[in-house]
Amino acid sequence: FNNRVQLVQDFTSLPEADLNRVTFIKAKGSTALFDATYAAVEKVREGRHHKKVILIFSDGEENSSRYSGRELQNLLKENDVQIYAIGMSEISGGAGTLKFIAEPTGGQALFPFDYASAEVVYTRLALMLRRQYVIGFYPSNVTSGTAWHKLHVQIKAPKQLGRLKLSYKNGYWMTR
């Protein structure tokens, strides 16, 4: 994506197909990051796997989208998609935008400093995605109507596990 979003490779089980397509994309012009994320969420919903994850590689600049941040946030709340954003620099103005997109989905914005730290970030991300657990619950205070319910999760982990970090959506829609 630049000032417009274009699908250059549909779903594939061949990683080299993705790499071949992405390698030749030229970054130029304006940036429609919200539009690209919106389109990615709509596309990933068509996927056949239950777990839905989007990786965004960007500087986080947003200056050309038709969709607003509020519209994107509403779409993210309605869908069970995790977003992980790999930012080019945490110092840039776009770091806040990448966090704004990723964190409410239970994902994260990650900012490698150089090539060596990028490898660490990619390895960490792969491990996080493989080691995730799903926790479900049934709310006790069921009300009629449609409402957004905020969510806060805490864990008491054994000390031998060390410091654990939780990533989760900050709420859910309840329709009745």
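Provided above is the structure to which this section pertains.
## Side note on the pairing of strand β2 (residues 82-87)
Logical step 1: Within β2, six of the six residues are buried, which leaves the element mostly enclosed by the surrounding structure.
Logical step 2: By the alternation rule, side chains of β2 split into Gln-82, Tyr-84 and Ile-86 and Ile-83, Ala-85 and Gly-87, which are all buried.
Logical step 3: Pairing analysis gives six bridges linking strand β1 (residues 53-58) to β2, with the strands arranged parallel. Each bridged residue has a counterpart across the sheet, and for Ser-58 the counterpart in β2 is Gly-87.
Logical step 4: Assessed by its sense of winding, the connection that carries the chain from β1 through helix α3 (residues 69-78) to β2 is right-handed.
Logical step 5: Strand direction decides the pairing type here: β2 and strand β3 (residues 109-110), joined by two bridges, are parallel. Across the sheet, Ile-86 pairs through a bridge with Leu-110, a residue of β3.
Logical step 6: Between the parallel elements β2 and β3, the chain passes through helix α4 (residues 95-102) in a crossover that is right-handed.

## Remarks on helix α5 (residues 115-130)
Logical step 1: Taking 1.5 Å of rise per residue, 16 residues should cover 22 Å, and α5 covers 23 Å from first to last C-alpha, within 8% of that figure.
Logical step 2: At its buried positions, α5 is contacted by β1, β2 and β3.
Logical step 3: Of the residues flanking the start of α5, the one acting as N-cap is Asp-114, its side-chain oxygen 3.3 Å from the backbone nitrogen of Ala-116.

## As for the packing of helix α2 (residues 33-44) against α4
Logical step 1: Look at α2 against α4: their axes get within 12 Å of each other, and the N-to-C directions meet at 25 degrees. The angle between α2 and α4 falls in the class roughly parallel. The interaxial crossing formed by α2 with α4 has right-handed handedness. Counted together, Leu-33, Phe-34 and Thr-37 of α2 and Thr-97, Leu-98, Phe-100 and Ile-101 of α4 form the full contact between these two elements.
Logical step 2: Its residues assigned to classes, the contact of α2 with α4 comprises five nonpolar, two polar and no charged.

Reading guide: rules and limits
Residues numbered from 1 in each chain as written. Predicted model: local features only at pLDDT ≥ 70, side-chain atom pairs only at ≥ 80, totals over all residues. Heavy atoms only, no water. Buried < 20%, exposed > 50% of the residue type's maximum accessible area, 1.4 Å probe, protein only. Helix = DSSP H or I, 4+ residues; strand = E, 2+ residues; numbered from the N terminus. Pairing = 2+ DSSP bridges. Right-handed = clockwise from strand over helix to strand, strands pointing away. Expected span 1.5 Å × (residues − 1). Contact = heavy atoms within 4.5 Å. Polar contact = N/O pair within 3.5 Å; in protein donor to acceptor, adjacent residues only side chain to side chain. Axes fitted to C-alpha atoms, helices over the stretch in contact; angles between N-to-C directions. Parallel < 35°, antiparallel > 145°, perpendicular 65-115°, else oblique. Left-handed = near helix turned anticlockwise from the far one by under 90°. Nonpolar A, V, L, I, M, F, W, Y, C, P; charged D, E, K, R; others polar.

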